[in-house]
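Listed here are the chains, written in short residue letters.
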Amino acid sequence: VGCGNGRFLALLRHAGFQNLTGIDPFMPENHAQLRGIALHRVDIGRFSGQFDSIFIQHTLEHLPDQAGTFQHLRRLLAPGGVVIVRIPITDSPAESRYGTDWVQWDAPRHLFIHSIRSVHHLCDQAGFRVSRVIHDSSEFALLGSEQYRRDLPLNAEGSWALNRDTKIFSREEVELCGGIARRMNRLGRGDQATFILEAEGPVQ
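Quick summary incoming for the structure in this document. (Residues numbered from 1 in each chain as written. Predicted model: local features only at pLDDT ≥ 70, side-chain atom pairs only at ≥ 80, totals over all residues. Heavy atoms only, no water.)

## Digging into the overall build of the protein chain
Okay, step 1: Secondary structure summary: the protein chain contains 6 helices and 6 strands in total.
Okay, step 2: Secondary structure elements of the protein chain, listed N to C terminal, follow the sequence α-β-β-β-α-β-α-α-β-α-α-β.
Okay, step 3: Taken against the 2.2 N^0.38 rule, which gives 17 Å for 204 residues, the C-alpha radius of gyration of the protein chain at 18 Å falls within 12% of a compact globule.
Okay, step 4: For the protein chain, the spread of C-alpha atoms along the principal axes amounts to about 50 × 40 × 30 Å.
Okay, step 5: By the burial criterion, 41% of the 204 residues in the protein chain qualify as buried. (Helix = DSSP H or I, 4+ residues; strand = E, 2+ residues; numbered from the N terminus. Rg over C-alpha atoms; globule rule 2.2 N^0.38 Å. Buried < 20%, exposed > 50% of the residue type's maximum accessible area, 1.4 Å probe, protein only.)

Spelled out as structure tokens, the structure:
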């Protein structure tokens, strides 16, 4: 869900997955079809089918109808399947440290930033249970926020987010931030996470 140009699906196909489908309402009308991958220019609310696994990576936070999206995910999930939701989450040391400069706010593109509690609330409403939460922050959480604090947009020339060889941060700074991010993940305090959802009860 929110597959863009299908690059992630191509990686899955290369890893051995088959029967792959991607949807994205903002996909170019003349998008190139990828061998072995069905790409559809459609919103999740207008899509139908049954899928063993559904992946929605850094897409949920851009959607205006959070509860409705979870209901559609539940509708599309085949019995025994899983939904994998990867999103930024609040209540992290990175958010506390950088405040309005926290890179994951990403206004105005991000419409919602969830907490773990709010994800559980959405799951309860849609008939899911959270079977696992994997914190997976990277050095980007700190370095992107540090760029904002220095008044350097992510898409500006010299941005580390665009060019990892830029000199704005030293190698030691990058390694330090990566180490901090990994430690926060181990403590369950990362600023982004992957939620593994399983169906619970009938479709709402």
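## Focus: the packing of aromatic side chains
Okay, step 1: Counted by the stated rule, this structure contains 4 aromatic pairs.
Okay, step 2: Look at F70 and F128: their rings are 6.3 Å apart centre to centre, the planes differ by 80°, and that puts the pair in the edge-to-face class. Highlighted residues: F70 in helix α2 (residues 66–76) and F128 in strand β5 (residues 128–135), separated in sequence by 58 residues. Like F128, F70 is buried.
Okay, step 3: The cationic tip of R164 hangs over the ring face of W160; the distance from NZ or CZ to the ring centre is 3.8 Å. (Phe/Tyr/Trp six-rings, centres within 6.5 Å; stacked < 30°, edge-to-face > 60°. Lys NZ or Arg CZ within 6 Å of the ring centre and 35° of its normal.)

## Focus on the pattern of salt bridges
Okay, step 1: Tallying each qualifying case throughout the model produces 5 salt bridges.
Okay, step 2: Of the charged contacts, one joins R149 and D101 as a salt bridge, the two residues approaching to 4.0 Å between their closest N and O atoms. Of this pair, R149 sits in helix α5 (residues 140–149) while D101 sits in the loop between α3 (93–98) and α4 (116–126), and the two are 48 residues apart along the sequence.
Okay, step 3: Notably, a salt bridge pairs R129 with E198, separated by 2.5 Å at the nearest N-O pair. Taken together, the residues span a long stretch of sequence, with R129 in strand β5 and E198 in strand β6 (residues 192–199) at a distance of 69 residues.
Okay, step 4: By relative accessible area, which is 36% here, R129 ends up partly exposed. (Salt bridge = Lys/Arg side-chain N within 4 Å of Asp/Glu carboxyl O.)

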